[in-house]
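Observations on the model geometry
So you can see what is in the structure, the chains are spelled out below.
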Amino acid sequence: MNLPYLLASLGGVALVVALSALLFGVRRARIASAADVEVYLTKILPVFRGQTIALGADGRAGLARNEFDAGVYLVVAHGDGLVARKLTPALLRTVERRGDVLSLRLADFTLPRIALALGDQTVRWQGILSQAAAR
Amino acid sequence: MNFADPMALATPFFIALLIGEMIYARLTGRARFEPRDTAASLLMGFGSVIFGIAAAFIFIVVARALEPYRIAGLSWTWPAFAACLLIDDFLYYCWHRASHRVRWLWADHVNHHSSQHYNLSTALRQPWGGVLTPGFVFRAPLVLLGFPIPMILFVHGVNLVYQFWIHTEAVGKLPRAIEAVMNTPSHHRVHHATNPLYLDANYAGMFIVWDRLLGTFVPERRDEPPRYGIIANLASFNVLKIAAHEWIALGRDLWKAKSPREALLYVFAPPGWSPDGSRDTTNSLKEKWISFRGAQ
């Protein structure tokens, strides 16, 4: 292991990443509809039957309640895909409402907080999430 | 006799193949790339080279300490080399299977599975915490059997180099004879998939025969395209977060453990274990999936 090897490796990394950006661009996933949330959760969960789904106004996150297990799920756009979390009492630290924005703090190292502007759904979801956090 | 480091020799080929795969993906759409994901994978690979020096040092110290107890003194012959390669591959299978079933080991190995993409850059997304896990224990039998330490290091490098090319969606199924014996892109796609059907399968390094013999082989199905990543996919491309996230989660669980037994189970039980069963393990996910499919 020597310095020229390490520097050449870093140069290789930079080259590949630049080429990747050139060929594929930087795409940001967007949650455009409740169907996006439902399709994603149906794909990744053994069982998902969407009961209630709400979307953040910026298209970056959504919330869904699974009729099957009464679990509440957070779906967040990340890179060109989505990630999801089941909002258990252990994971969901706090839920705060400011106007029509819900701020969630999570015990998750890569997703510590998220804000969703839910419009007229905000109060309802605050209740659902508070229940999820307390259960 | 000294051998070159296979990983160092292979690095230029890795970069050339990766560029080739990207161009192929752009032209055919048969593989997906996300530049930030690619950057994270490659930087994880770069970091693993740095941190891997410490892990290799620990192995060499342990190996030197074990050398007086070896049962034979094998020399540099082709049969010895072939035997070393084969046994190393079996020990790799054991280590890899343990790395998916024991949370302590998973805390490190999860880094390799943390991309939702599956391309050659994913092969280089390697963990940084080798010094925090007892990986050397799994290679110690080779020392005790009498293989020279440089040979053990070399064949292990060969094994890792082999595994580079199988991290791709650009290669479909290969001829049946190859799929029967060797680990291939198809077999390894299954290993990286989070579909319940595919969980905890295909741990092989070079030879898929270990999975076939030990009941962990699952073939890739046309009607079940793999979804890559981990059960709770990461929401960050920050390599420090990627490298540390499961160690942090394990630390939090240990901090909250109510008894020594609970703490031990957090460390040694399968990933997802919790005292109240509120989290999913791969077994519980498979059970839910099977019971739901049965109910349909």
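Criteria and thresholds
- Residues numbered from 1 in each chain as written.
- Chains lettered and ligands numbered in written order.
- Predicted model: local features only at pLDDT ≥ 70, side-chain atom pairs only at ≥ 80, totals over all residues.
- Helix = DSSP H or I, 4+ residues; strand = E, 2+ residues; numbered from the N terminus.
- Rg over C-alpha atoms; globule rule 2.2 N^0.38 Å.
- Buried ≥ 20, exposed ≤ 12 C-beta atoms within 10 Å, placed from the backbone.
- Contact = placed C-beta atoms within 7 Å.
- Domains from an automatic or database assignment.
- Nonpolar A, V, L, I, M, F, W, Y, C, P; charged D, E, K, R; others polar.
- Pairing = 2+ DSSP bridges.
- Axes fitted to C-alpha atoms, helices over the stretch in contact; angles between N-to-C directions.
- Core = buried A, V, L, I, M, F, W, Y, C linked by C-beta atoms within 7 Å.

**Some details on the overall build of chain B**
For chain B, the helix and strand inventory stands at 13 helices and zero strands. Element order for chain B, N to C, with α for helix and β for strand: α-α-α-α-α-α-α-α-α-α-α-α-α. Taken over the C-alpha trace, chain B has a radius of gyration of 20 Å; the compact-globule value for 296 residues is 19 Å, and the two agree within 12%. Over its C-alpha atoms, taken along the principal directions, chain B stretches across nearly 60 × 55 × 35 Å. Every one of the 296 residues in chain B was classed for burial, and the buried ones make up 42%. Long-range pairs, those at least 24 residues apart, make up 72% of the contacts in chain B between residues at least 6 apart in sequence.

**Considering the domain arrangement of chain B**
Residue and element names in this part refer to chain B. Under the domain assignment used here, chain B contains domain 1 (6–170) and domain 2 (239–295). When each unit is reduced to the centre of its C-alpha atoms, the spacing between domain 1 and domain 2 is 25 Å. Taken together, the 15 residues of domain 1 in the interface contact 13 residues of domain 2. Per element, the largest residue contribution to the side of domain 1 that touches domain 2 is six residues, and it comes from helix α4 (residues 103–113). Classifying every residue of the side of domain 1 that touches domain 2 by side-chain character gives nine nonpolar, four polar and two charged.

**Observations regarding the interface of chain B and chain A**
In this complex, chain B contributes 37 residues to the contact, which on the side of chain A involves 31 residues. Taken together, the elements giving at least two residues each to the side of chain B that touches chain A come down to α1 (6–28), α2 (35–66), α11 (239–256) and α13 (282–295) of chain B. Per-element tally for the side of chain B that touches chain A: the top contributor is α2 of chain B, with nine residues. Here the side of chain B that touches chain A is built from residues that sort into 22 nonpolar, seven polar and eight charged.

**What to know about α4 of chain B**
Every α-helix carries 3.6 residues per turn, so stepping three or four residues along brings you back to the same face. All names here are of chain B. With ten of eleven residues buried, α4 lies mostly within the body of the structure. By the burial criterion, the buried members of α4 are Arg 103, Leu 105, Trp 106, Ala 107, Asp 108, His 109, Val 110, Asn 111, His 112 and His 113. Buried positions along α4 lie against α2, α3 (78–101), α9 (185–192), α11 and α12 (260–268).

**Examining the sheet that holds strand β3 (residues 72–78) of chain A**
Residue and element names in this part refer to chain A. Overall, antiparallel pairing links the four strands, which are arranged β1-β2-β3-β4 in an open sheet. Edge positions in the open sheet fall to β1 (50–55) and β4 (81–86), since each of these has one partner strand only. Neighbour to neighbour, the strand axes of the sheet diverge by 20° on average, direction disregarded. Across the face of the sheet, helix α2 (residues 34–44) comes into contact with β1, β2 (61–66), β3 and β4 while running at roughly 130° to β1. Strands in contact with helix α3 (residues 122–134) are β1, β2 and β3; relative to β3, the strand with the most contacts, it is inclined by about 110°.

**Observations concerning the pairing of β4 of chain A**
In terms of strand pairing, β3 of chain A meets β4 of chain A through six bridges, oriented antiparallel. Looking across to β4 of chain A, one finds that Tyr 73 of chain A is bridged to Lys 86 of chain A.

**A word on the sheet that holds strand β7 (residues 113–117) of chain A**
Residue and element names in this part refer to chain A. A sheet is described by the order of its strands in space; here three strands give the open sequence β5-β6-β7, paired in antiparallel fashion. Only two strands of the sheet have a single neighbouring strand rather than two, namely β5 (92–98) and β7. Each adjacent strand pair in this sheet contributes to an overall mean axis angle of 15°, direction not counted. Relative to strand β6 (residues 101–106), β5 runs antiparallel, the two sharing six bridges. What sits directly across from Val 95, in β6, is Leu 104. Lying over the sheet, α3 contacts β5 and β6, oriented at roughly 160° with respect to β5.

**Looking at the nonpolar core**
Judged by nonpolar contacts, the single largest core of 54 residues is most densely connected at Leu 41, Tyr 73, Val 75 and Ala 84 of chain A. Taken domain by domain, the makeup of this core includes at least three residues from each of domain 1 (6–170) and domain 2 (239–295) of chain B. When near neighbours in sequence (up to four residues on either side) are disregarded, Tyr 73 of chain A contacts Leu 41, Ala 64, Asn 66, Ala 84, Arg 85, Lys 86 and Leu 87 of chain A. One finds Leu 142, Phe 147, Val 155 and Tyr 203 of chain B within the second-largest nonpolar core, a separate group that totals 25 residues.

**With respect to the environment of Leu 106 of chain A**
Residues and elements named next belong to chain A. By the element assignment, Leu 106 lies in strand β6. For Leu 106, a count of 19 C-beta atoms within 10 Å corresponds to the partly exposed category. Sequence-distant contacts of Leu 106, defined by excluding residues within four places in its chain, comprise Arg 85, Leu 91, Leu 92, Arg 93, Leu 111, Pro 112 and Arg 113.

**Quick look at unusual backbone geometry**
Residue and element names in this part refer to chain B. If you check the backbone angles, Asp 200 has positive phi at about 55° while not being a glycine. Non-glycine residue Asn 202 carries a positive phi angle of around 55°. Looking at the element boundaries, Asn 202 is found in the loop between α9 and α10 (209–214).

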